[in-house]
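Per-entry structural report
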Amino acid sequence: MSWIREGELTILERFCANIIKAGPMPKHVAFIMDGNRRYAQKCHVERQQGHSQGFDKLAQTLRWCLNLGIREVTVYAFSIENFKRSKEEVDGLMDLARQKFSRLLEEQESLKKHGVCIRVLGDLPLLPLDIQELIAQAVLATRNYNNDVSESLLDKCLYTNNSPDPDLLIRTSGEVRLSDFLLWQTSHSCLVFQSVLWPEYSFWNLCEAILRFQMNYNALQKARDSYMEERRRQQMERDQAYVTKKLQQEGFASHGDSWRRRTLLQKCTAMREERIQGFLQALEHKRADFFERLCTVSA
Ligand code: IPE
Ligand code: IPE
Ligand code: MG
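Figured I'd write up the structure that's included with this text. Model, not experiment: these values are computed from the prediction.

Another aspect to go through is unusual backbone geometry. A positive phi angle is found at His44, which is not glycine, with a value near 55°. Locating His44 in the fold gives a position in the loop between helix H2 (36-42) and helix H3 (47-67). The backbone phi angle of Asp180 is positive, close to 70°, even though this residue is not glycine. Structurally, Asp180 is set in the loop between strand E3 (168-171) and strand E4 (190-193). Residue classification places Asp180 among the exposed positions, given a relative accessible area of 57%.

What follows is about the pairing of E3. Of the two faces of E3, the one carrying Leu168 and Ile170 and the one carrying Leu169 and Arg171 are both buried. In the sheet, strand E1 (residues 28-32) pairs with E3 via 4 bridges, with the strands oriented parallel. Bridge pairing links Ala30 to Leu169 in E3. As defined by bridge partners, E3 adjoins E4 across 4 bridges and the pair is classed as parallel. Within E4, the residue paired with Leu168 across the bridge is Cys190.

Look at helix H9 (residues 217-249): 48 Å from first C-alpha to last across 33 residues, which is about the 48 Å you get at 1.5 Å a residue. Among all positions in H9, only Leu220, Arg231, Gln235, Asp239, Val243, Thr244 and Leu247 are buried. Looking at the residues trailing H9, positive phi occurs at Gly251, about 90°.

Around ligand 1, the neighbouring residues are Met33, Asp34, Gly35, Asn36, Arg37, Arg38, His51, Ala77, Asn82, Arg85 and Leu93. Arg37 is positioned with one of its side-chain polar atoms (N or O) 2.8 Å from an oxygen atom of ligand 1. One of the side-chain N or O atoms of Arg85 is found 2.7 Å from an oxygen atom in ligand 1. Protein chains shield 88% of the accessible area of ligand 1, which is 380 Å² for the free molecule. When residues of the shell around ligand 1 are assigned to their parent elements, the largest contribution, 3 residues, is made by H2. Partitioning the shell around ligand 1 into residue classes produces 3 nonpolar, 4 polar and 4 charged.

The next subject is the sheet that holds E1. With parallel pairing, the 4 strands of this open sheet are ordered in space as E2-E1-E3-E4. Only two strands of the sheet have a single neighbouring strand rather than two, namely strand E2 (72-76) and E4. Mean inter-strand twist for the sheet, computed between neighbouring axes without regard to direction, equals 15°.

On to the side chain of Thr172. Position of Thr172 relative to the elements: it lies in the loop between E3 and E4. Residue Thr172 is classed as buried on the basis of its relative accessible area, which comes to 0%. Here the side chain of Thr172 touches Asp34 through a polar contact of 2.7 Å, landing on its backbone oxygen. Non-local contacts of Thr172, meaning those with residues more than four positions away in its chain, are made with Ile32, Met33, Asp34, Gln194, Val196, Trp198 and Tyr201.

On to the packing of aromatic side chains, then. Aromatic ring pairs are defined here through the distance separating the ring centres and the angle between the ring planes. Following the criterion strictly, the structure yields 9 aromatic pairs and no others. Aromatic pair Phe31 and Tyr201: ring centres 6.1 Å apart, planes at 80°, arrangement edge-to-face. One end of the pair, Phe31, is in strand E1; the other, Tyr201, is in the loop between E4 and helix H8 (203-215), and 170 residues separate them in sequence. Taking the relative accessible area as the measure of exposure, Phe31 reaches 1% and is therefore buried. Ring centres of Tyr76 and Phe181 lie 4.4 Å apart, and the angle between their planes is 10°; this geometry places the pair in the stacked category. Taken together, the residues Tyr76 in strand E2 and Phe181 in the loop between E3 and E4 connect sequence positions 105 residues apart.

Here is what the cut-offs are and how they apply
Residues numbered from 1 in each chain as written. Chains lettered and ligands numbered in written order. Predicted model: local features only at pLDDT ≥ 70, side-chain atom pairs only at ≥ 80, totals over all residues. Heavy atoms only, no water. Helix = DSSP H or I, 4+ residues; strand = E, 2+ residues; numbered from the N terminus. Buried < 20%, exposed > 50% of the residue type's maximum accessible area, 1.4 Å probe, protein only. Pairing = 2+ DSSP bridges. Expected span 1.5 Å × (residues − 1). Near = heavy atom within 4 Å. Polar contact = N/O pair within 3.5 Å; in protein donor to acceptor, adjacent residues only side chain to side chain. Areas by Shrake-Rupley, 256 points an atom, 1.4 Å probe, with all protein chains shown as cover. Nonpolar A, V, L, I, M, F, W, Y, C, P; charged D, E, K, R; others polar. Axes fitted to C-alpha atoms, helices over the stretch in contact; angles between N-to-C directions. Contact = heavy atoms within 4.5 Å. Phe/Tyr/Trp six-rings, centres within 6.5 Å; stacked < 30°, edge-to-face > 60°.

In structure tokens form, the structure reads like this:
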């Protein structure tokens, strides 16, 4: 039986899901699934049992998301800090991750038919690589083109680049911090902190978080739009300054004629696109090499 698709919503849950779906829905939801050990302690069960129920709760939550039409979910299942836990706990978590995530991936094909795509990300080995490569290569590639380095380039360099930023981020267990999770990508997301422990997370908790997103929707949209507008304005300003400098170097009056200026601006934008594509492809190759080396080492 399918891990994610088994079981449907009750009539009451379906009814409420339909009401909620009448409002603006988050397209991408991120979860920091926290509170497994406190749950185990509270229920007097083994810690590993708490983690196991936590993974099963993820499957259930993905099913709710599917029913609510949320096609993209990113979860924080393990952080580099978590390696500091006892070897026994880390090994137990890794075993669970292997078992449960491979089951998820087995179901990938059937989920694709519903427009759902699952990505299992190993968060931390990639981050230092990205940042190191990014800085080293960007310095080399852009020595003469400072305009290339921008926030939008940084977006494109992150391994989350082919996914929209989360609209809603939920952390359970009452902790009100992000613990390094998607810091850049959630700057305009609705952050919802809920006191429920992750293995006890319910459909109603999810509905409550979505309602909070809906209540803040207009303000979030406004902030996101004005941020994007400001980015575009700054890029345009930098490009204009570059064109002015170029025209001056070529002996034209600082503003040149408008045709020459427009043509140069278009050329400069097209060339930047080309340089950035080259840079991103090189970064992608480095990343693929890194993965290959990692797999060889761990094989
Ligand atoms: C979250 O639950 C799962 C992982 C970090 C792997 P915790 O294990 O952090 O449980 P609490 O927060 O200590 O209760
Ligand atoms: C947070 O782990 C990451 C996950 C829930 C996977 P912790 O629960 O250990 O977080 P901190 O270290 O207390 O912030
Ligand atoms: Mg915790």
